[in-house]
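# Examining the three-dimensional arrangement
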Amino acid sequence: MAELDDIIHQPLRLKIMAALNALPAAAGLEFARLKKLTGATDGNLGAHIETLAKAGYVSVDKAFVGKKPQTTVTATATGRGAFARHVATLQEIIAGKQG
Amino acid sequence: MIDSKQATDALADINDTVRRVRQSQIYQVSSLVMLMWGVLVFAGNISSWLWPRYGLSFWIGVYVLATAGLFAINAYNYARSRIRTFDRRYLLTFLFIVAFGIFCCVFGQFTPRQQTTFWPVYIMLFYMLAGVWFGTAFIVIGASIIALTLIGYVYIPGMPFLLWMAVVNGGGLFVGGLWMRRS
């Protein structure tokens with residue numbers, strides 16, 4: 001029986017993973033765009049990205065574009081797999097196979 | 001474990017986020033394309049106003065530069081986000097649109113003034129069609145430029161119409177591109 005992924009299930013982390021999974025495999029989102037898309041605050045978003053990074057679900061790259069620091073977040077293969085399983089579990093629950 | 005309603009809400013959240021990401025990507029790339037077209041169309045109209053005899057050559061130059069610019073934007077975007085935005089399919093679509101526009105101008109025997117009006121109205125029609133699928137910003141920008149173009153066609157006689165078009169078409173695309181970047 002499939003289980004919901006506790007790390008992904010938190011609402012903001014679910015949005016972060018959904019946003020990153022909407023991109024091609026190697027593509028990432030800049031922190032500022034992720035913030036706009038999820039409607040989160042800087043601190044909140046940073047904390048949840050850290051949780052996802054610790055679980056190995058996202059990778060975080062920090063670089064300088066000109067003189068500006070830019071953080072890019074990308075879903076890892078592990079994260080994409082976990083997200084796909086999480087979505088499948090949600091669909092199973094809706095279909096009445098669980099819960 | 002969550003119930004069916006909570007699962008439905010979670011999936012709706014996912015779908016909404018995915019929709020917003022896709023729209024954001026389309027807006028990001030389209031805004032760059034609009035900024036480029038804004039500058040080129042402004043330059044094309046001003047050049048045609050200054051040297052009307054060479055108007056056709058200027059506009060051919062604008063389209064050649066725009067094609068090169070679209071490939072440059074694709075390369076920039078790919079380097080930045082690993083997403084390809086302009087390929088041979090898009091080039092072919094662009095060429096079909098231009099070819100049909102030329103067909104209309106030739107068989108419709110448009111005057112230069114009518115051609116100056118026709119092209120923005122024709123291209124903005126595609127923006128509005130894109131808006132039906134990809135986001136209302138395209139519809140707002142397309143409808144605004146079409147309305148301003150037709151106002152100029154009716155109320156601004158002679159060569160100053162080209163200055164009007166430089167502002168409302170070139171400037172409109174530029175401002176629209178900036179607005180889309182912020183959306």
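Look a little higher up for the structure.
A brief report on the enclosed structure follows.

About the criteria used
- Residues numbered from 1 in each chain as written.
- Chains lettered and ligands numbered in written order.
- Predicted model: local features only at pLDDT ≥ 70, side-chain atom pairs only at ≥ 80, totals over all residues.
- Heavy atoms only, no water.
- Helix = DSSP H or I, 4+ residues; strand = E, 2+ residues; numbered from the N terminus.
- Buried < 20%, exposed > 50% of the residue type's maximum accessible area, 1.4 Å probe, protein only.
- Contact = heavy atoms within 4.5 Å.
- Buried area = accessible area lost by both parts, 1.4 Å probe.
- Salt bridge = Lys/Arg side-chain N within 4 Å of Asp/Glu carboxyl O.
- Polar contact = N/O pair within 3.5 Å; in protein donor to acceptor, adjacent residues only side chain to side chain.
- Nonpolar A, V, L, I, M, F, W, Y, C, P; charged D, E, K, R; others polar.
- Pairing = 2+ DSSP bridges.
- Patch = residues over 30% accessible without salt bridge, like charges linked within 9 Å, V, L, I, M, F, W, Y side chains within 5 Å.
- Areas by Shrake-Rupley, 256 points an atom, 1.4 Å probe, with all protein chains shown as cover.
- Axes fitted to C-alpha atoms, helices over the stretch in contact; angles between N-to-C directions.
- Parallel < 35°, antiparallel > 145°, perpendicular 65-115°, else oblique.
- Left-handed = near helix turned anticlockwise from the far one by under 90°.

Turning our eyes to something else, we now look at unusual backbone geometry. Of note, the phi angle at Q109(B) is positive, near 50 degrees, even though the residue is not glycine. Of note, Q109(B) is situated in the loop between α3 (88-108) and α4 (112-134).

Residue and element names in this part refer to chain A. Structurally, T89 can be placed in helix α5 (residues 77-94). Note on T89: relative accessible area 1%, which makes it buried. When the C-alpha atoms of T89 and F64 are compared, they prove to be 39 Å apart, with 25 residues separating the residues in sequence.

On the chain A side, the residues contacting the 25 residues of chain B number 23 residues. Between chain B and chain A lies a buried interface of about 2,100 Å² when both sides are counted; carbon and sulfur atoms form 69% of it. If you look at where chain B meets chain A, you find 0 salt bridges. At the boundary of chain B and chain A, one finds 4 residue pairs in polar contact (both at pLDDT 80 or more). Among the elements that line the side of chain B that touches chain A, the one with the most residues is helix α1 (residues 4-50) of chain B, at 15 residues. By residue class, the composition of the side of chain B that touches chain A is 9 nonpolar, 8 polar and 8 charged.

Turning our eyes to something else, we now look at the sheet that holds strand β2 (residues 58-65) of chain A. All names here are of chain A. Spatially, 3 strands are ordered β1-β3-β2 in an open sheet, and the strand pairing comes out antiparallel. The open sheet has two free edges, formed respectively by β1 (29-30) and β2, since each of these has just one partner strand. In the sheet, β1 pairs with strand β3 (residues 68-75) via 2 bridges, with the strands oriented antiparallel. Residue pairing in the sheet places L29 in a bridge with V73 of β3.

All names here are of chain B. A cluster of nonpolar side chains, contributed by W49, L50, W51, Y54 and M159, occupies part of the molecular surface with about 520 Å² of accessible area. Residue position: W49 is located in helix α1. With relative accessibility at 34%, the residue W49 sits in the partly exposed group.

Before going further, it helps to examine the packing of α1(B) against helix α2 (residues 55-81) of chain B. Residue and element names in this part refer to chain B. Remark: α1 packs on α2, axes separated minimally by 10 Å, with the N-to-C direction vectors making an angle of 160 degrees. With respect to each other, α1 and α2 are oriented roughly antiparallel. Two packed elements cross with a definite hand, and for α1 against α2 that hand is right-handed. Residues V29, L32, V33, M36, W37, L40, V41, G44, N45, S47 and S48 of α1 touch α2, and the partners they reach there are G55, F58, W59, V62, Y63, L65, A66, G69, L70, I73, Y76 and N77. Within the contact of α1 with α2, the residues separate by chemical class into 16 nonpolar, 7 polar and no charged.

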